[in-house]
Amino acid sequence: MKKLSDLFFFSLTFMAGVFATALVAQTDANAELRSMAAKKIQQTPVIDGDVLGEDVWQQAEVASDFWQTTPDEGEAASERTEVRVLFTEQTLYIGAVCYDRNPDQIIVSDSRRDASLNDTDAFQVVLDTYNDNLNGFLFGTNPAGIEYDAQISNEGDGFFDSGSGGFNLDWDAAWEVRAAISEIGWSAEFAIPFKTLRFTDQAEQQWGINFQRNIRRRNERSFWIKLPRQFDIQRISLAGELTGLQDLHQNNLKFIPYVLSDLNRDFANSNEYDTSGDVGFDIKYSLTSSLTLDATYNTDFAQVEADELQINLDRFSLFFPEKRPFFLENAGLFSVGNPGEAQLFFSRRIGISDDGVAVPIVGGLRMTGKPGGVNVGVLNMQTDSVGDSVTANNFAVGRVSKELPNRSSIGALFVNRQATGDLAGDDNYNRTMAVDARVGIGQYALLSGFASQTITPGVDSDEYAYKLDANYNSEAWLLSASLTEVADNFNPEVGFLRRSGYRNPTGLVFYRIRPKDFMGFQELRPHVSYRGFWDLDGFQESGFLHVDNHWEWKNGYELHTGINFTREGVKDAFEISNGVIVPSDTYDHAEALIVFWTNEGAWWNLNVRTTIGGFFGGNRIATRPRLRFRYGEQLNAELSVSHNNIDLPGGDFIANLWRARLSYSFTPKVFIQALVQYSDRTNDLGSLNLRFGWQRTANTGLFLVYNDTRFDEGMGWNEQFRGFIIKYSHLFDLLR
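Residues numbered from 1 in each chain as written. Predicted model: local features only at pLDDT ≥ 70, side-chain atom pairs only at ≥ 80, totals over all residues. Heavy atoms only, no water.

Student: Can you help me understand the overall build of the chain in this one?
Tutor: What the chain contains, in helices and strands, is two helices and 45 strands. Computed over its C-alpha atoms, the radius of gyration of the chain comes to 26 Å, within 12% of the 27 Å expected for a compact globule of 736 residues. Counting over 736 residues, the chain shows a buried share of 53%. Counting only carbon and sulfur atoms, one obtains 54% of the accessible surface of the chain, whose full area is about 31,600 Å². (Helix = DSSP H or I, 4+ residues; strand = E, 2+ residues; numbered from the N terminus. Rg over C-alpha atoms; globule rule 2.2 N^0.38 Å. Buried < 20%, exposed > 50% of the residue type's maximum accessible area, 1.4 Å probe, protein only. Areas by Shrake-Rupley, 256 points an atom, 1.4 Å probe, with all protein chains shown as cover.)

Student: Any chance you could explain the pairing of strand E33 (residues 558-570) here in plain terms?
Tutor: The two faces of the sheet receive side chains in turn, since in a regular strand these alternate between them. Here strand E32 (residues 540-553) runs beside E33; their pairing, made up of 11 bridges, is antiparallel. Of the residues in E33, the one forming a bridge with His550 is His560. What sits between E32 and E33 in their antiparallel hairpin is a turn of four residues, with Gly556 showing a positive phi close to 95°. (Pairing = 2+ DSSP bridges.)

Student: How do you make sense of unusual backbone geometry when you look at a structure like this?
Tutor: It is generally the case that most residues other than glycine have a negative phi and that most peptide bonds are trans. With an omega of -5°, the peptide bond between Thr70 and Pro71 qualifies as cis. For Pro71, the position within the fold is in the loop between strand E4 (67-70) and strand E5 (81-87). Its identity is not glycine, yet Asn298 carries a phi of approximately 55°, on the positive side. Looking at the secondary structure, you find Asn298 in strand E18 (residues 291-299).

Student: In this structure, what is going on with the pattern of salt bridges? I would like to understand it.
Tutor: Pairing between side chains of opposite charge can happen when their charged atoms approach one another. For the structure on display, the rule yields 42 salt bridges. In this structure, the salt-bridge partner of Asp300 is Lys727, at a minimum N-O distance of 3.5 Å. Taken together, the residues span a long stretch of sequence, with Asp300 in the loop between E18 and helix H2 (325-328) and Lys727 in strand E44 (residues 717-729) at a distance of 427 residues. Residue Asp300 is classed as partly exposed on the basis of its relative accessible area of 24%. The class for Lys727 is buried, based on a relative accessible area of 5%. (Salt bridge = Lys/Arg side-chain N within 4 Å of Asp/Glu carboxyl O.)

Student: What is the right way to read the packing of aromatic side chains from this model?
Tutor: Following the criterion strictly, the structure yields 29 aromatic pairs and no others. Cluster of aromatic residues (ring-pair linked, three or more members): Phe66, Phe123, Phe137, Phe139, Trp171, Trp175, Phe190, Phe211 and Trp224. Cation over ring: Arg235 sits above Phe231, and NZ or CZ is 3.8 Å from the ring centre. Across from the ring centre of Tyr258, 4.8 Å away, lies the NZ or CZ of Lys727, which sits over that ring. (Phe/Tyr/Trp six-rings, centres within 6.5 Å; stacked < 30°, edge-to-face > 60°. Lys NZ or Arg CZ within 6 Å of the ring centre and 35° of its normal.)

Student: It is not clear to me how the sheet that holds strand E19 (residues 337-338) should be interpreted in this structure. Could you clarify?
Tutor: Hydrogen bonds between backbone atoms are what pair the strands of a sheet, whose relative direction is either parallel or antiparallel. With antiparallel pairing, three strands are arranged side by side in an open sheet as E19-E20-E29. Only two strands of the sheet have a single neighbouring strand rather than two, namely E19 and strand E29 (496-497). Taken together, the two bridges between E19 and strand E20 (residues 342-343) define a ladder with antiparallel strand orientation. Residue pairing across strands places Gly337 opposite Gln343, the latter belonging to E20.

Student: Teacher, can you tell me more about the pairing of strand E14 (residues 220-223) here?
Tutor: Across three bridges, the pairing between E4 and E14 is antiparallel. Bridge pairing links Gln68 to Ser222 in E14. In this structure, strand E13 (residues 204-215) lies alongside E14, joined through four bridges in antiparallel fashion. By the bridge assignment, Gln212 is partnered in E14 with Phe223. Turn length for the E13-E14 hairpin, with the two strands adjacent in sequence and antiparallel, is four residues, and the turn residue Asn219 shows positive phi of about 50°.

Student: How should the environment of Phe653 be read in this particular structure?
Tutor: Within the secondary structure, Phe653 is located in strand E40 (residues 651-667). With 77 residues separating them in the primary sequence, Phe653 and Ile576 have C-alpha atoms 9.6 Å apart. Excluding residues that lie within four positions of it along the chain, Phe653 makes contacts with Leu313, Ile576, Ser577, Val580, Asn644, Asn645, Ile646, Leu648 and Arg681. (Contact = heavy atoms within 4.5 Å.)

Student: What is the right way to look at the side chain of Lys195 in this model?
Tutor: Tracing the backbone through its elements, the reader meets Lys195 in the loop between strand E12 (185-193) and E13. In this structure Lys195 comes out as buried when scored by relative accessible area, which is 12%. At a separation of 3.3 Å, a polar atom in the side chain of Lys195 contacts the main-chain carbonyl oxygen of Asn251. Beyond its immediate stretch of four places on either side in the chain, Lys195 contacts Gln250, Asn251, Asn252, Lys254, Asp733, Leu735 and Arg736. (Polar contact = N/O pair within 3.5 Å; in protein donor to acceptor, adjacent residues only side chain to side chain.)

Student: So what exactly am I meant to see when it comes to the environment of Thr200 here?
Tutor: Tracing the chain through its elements places Thr200 in the loop between E12 and E13. A C-alpha to C-alpha distance of 9.2 Å links Thr200 and Asn131, two positions 69 residues apart in sequence. Once residues within four sequence positions are removed from consideration, Thr200 is found in contact with Tyr130, Gln205 and Ser289.

Student: Explain the nonpolar core here, please?
Tutor: Across soluble globular proteins, nonpolar side chains have a tendency to be buried as a group. Core analysis: the biggest nonpolar cluster contains 55 residues, and Phe123, Phe139, Trp207 and Phe211 have the highest contact counts within it. Of all elements in the fold, only E5, strand E6 (91-99), strand E7 (122-128), strand E8 (136-141), strand E9 (148-152), E12, E13 and strand E15 (240-246) reach the threshold of two or more residues within this core. For this core, the leading source of residues is E7, giving five residues. Counting residues in each nonpolar core, the second largest holds 27 residues, with Leu333, Ile350, Leu497 and Tyr502 among its members. (Core = buried A, V, L, I, M, F, W, Y, C linked by side-chain atoms within 4.5 Å.)

Student: Can you walk me through a nonpolar patch on the surface in this structure?
Tutor: Nonpolar side chains collect at one region of the surface, where Trp603, Trp604, Leu627, Phe629, Leu639 and Trp658 lie side by side and expose about 630 Å² of accessible area between them. With respect to the helices, strands and loops of the structure, Trp603 is situated in the loop between strand E36 (585-597) and strand E37 (604-615). Classification of Trp603 by relative accessible area gives exposed; the value is 55%. (Patch = residues over 30% accessible without salt bridge, like charges linked within 9 Å, V, L, I, M, F, W, Y side chains within 5 Å.)

Student: What should I look at first to understand the confidence of the model for the chain in this one?
Tutor: Low-pLDDT stretches of the model should not have their predicted coordinates read in fine detail. Averaged over the chain, the pLDDT score is 89; the fraction of residues at 70 or greater is 93%. Here residues 1-5 scores under 50 on pLDDT; set against residues more than four positions off or in separate chains, the count is four contacts. This stretch, residues 159-164, has a pLDDT under 50; its non-local contacts, to residues over four places away or in other chains, come to 20 contacts. (pLDDT = per-residue confidence, 0-100.)

Student: Got a minute to help me understand the environment of Ala76 in this structure?
Tutor: Position of Ala76 among the secondary structure elements: in the loop between E4 and E5. Residue classification places Ala76 among the partly exposed positions, given a relative accessible area of 44%. Between the alpha carbons of Ala76 and Ser222 there is a distance of 8.2 Å; along the sequence they are 146 residues apart. Discounting chain neighbours no more than four positions away, the residues touching Ala76 are Phe66, Trp67 and Gln68.

Structure below.
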């Protein structure tokens, strides 16, 4: 109990210090404050991408004069961009005209929904609807007219692939965009219903706003607000002002039912195919303009892409990101901890067992929003039992946080898992409590941290974890240091813990150099980083010292040349491959690292990562080439290989993982995608995930999914599982 009391005394002291510091911290932003007014209209524009062809757009104020961050930092954009903002009581309209003196050189790399906008000409807008300088909504498109949307929390801080970081691309909203290429360049029209957004209930609104334009053939990024080069459009605290919005209406009640039928066979346990059908629904209702209630019944995620296989050459847990849309919406609000290492809440624990088998989700509720200026999130989900092996569980999560001046905040988290039903038994529960905070100092420095305690029946000590982190990010320097400690019995069962019982210090010194005119270089980035893991008795389990330089050319080519000094302390011998044992010992090694890639805006590009050096007392050559190519914006393909040739005192082995992706978009809303994987590390496992999608809006529509998993037995492929799923969902806007 002394550890618990010490932990919370430390937490309260730390929180009080953060609060006091935040009240006096000042922002020394060097960006100019720009403002534009939205114009209220009666006649709505036709959403066809032709901004200059409609008189209604000529009523609006024009925002222009964009400024580059790359390639020529601080210079005016090479091409003119004009943005206009209109609105009615129900909808926000944004018109962007992207002038281009060479429209035949416009690059469009993909036409899938939410496809990356980094490798294409593109336009994006960020809206800070609460005007809190930390959180917002991002909407974007390219000349093909794709829908690209995301939620941003804490200015994008976090581990994006985890589904818990500050940039949530998997948020899919109901809105509309069209784009058109013409002799003046290209233009786009956005129609964003206010019911898609969240904002305060004030009669007159003032939002943060910024725009970004990419001209891919020049590797150019430019912004309406003149940003320092280390920031991008997610730097909401530097956004401009959008005024003039008033009397906005947000009547919002959406009903989203689905029907599903599947045909599948588990070849190991059945001699015939099983057929089944199912129905379920989601409901979304705006309690107020800033508070939303989501309900789900018999939740299903059949349309979600299969997990990517991974090669595990270590003795710690692998991390598989959350991909299910219901849990990814507002995920940043619930994110507390050290992403990928010690996440206090990880939604993948709900509805998926430890061995990756789906557990039926009966239903649940989620309430999120910002009433009274306080971020609130409440989630409750109920799962069903599976036979006699998996008990039913109720999962409850509560989260509150409050923004403070200058990118600062303070918050708390509570997570509870409670077994229910006949299999529950006594004392079958787990709870996690945490407090967290961040404080911005000036424009470049940020302090953050969390402290957490778990409660597990039968355990009464060493159940704590904490992290302190300091970060400084200027135009030239990126400096960071952190310390994480996780006690031996810390057990967030509805979170993710890669390892337990450790102290983890990290450090980074990173310097950016932009030569004026030197061999075509855009930027040089020499840096040194370190991360280490010690158990709580002082034994070092891992150490990684990285010395590197990034060489980036203006033509999009990039080269990384580094050396790593590693230490692995193995306390218990483990089997790294069939029959190959790594004995308990401490292994110190060095390895060379080379990473190279070509211009990712071209119709083809190559990325190769090679590591050569010592490995657990022996040697390893690891190569990961990836080749991508596209034909127009419709066909995209990617082939990658992870090849590991390992020579250890206990034996030699080779581990390979092949992955191929193919995507063809008939239109921005109709596509077919294939993911083919083969691993000779996982019992010679091969898998195929084939998806056809006809999307309507907000990730609804018709989905056809085929899954096939097989083992290579040497004499041929032995089938393990085959399944075919058809699912249709539809969004009914009941208060339109």
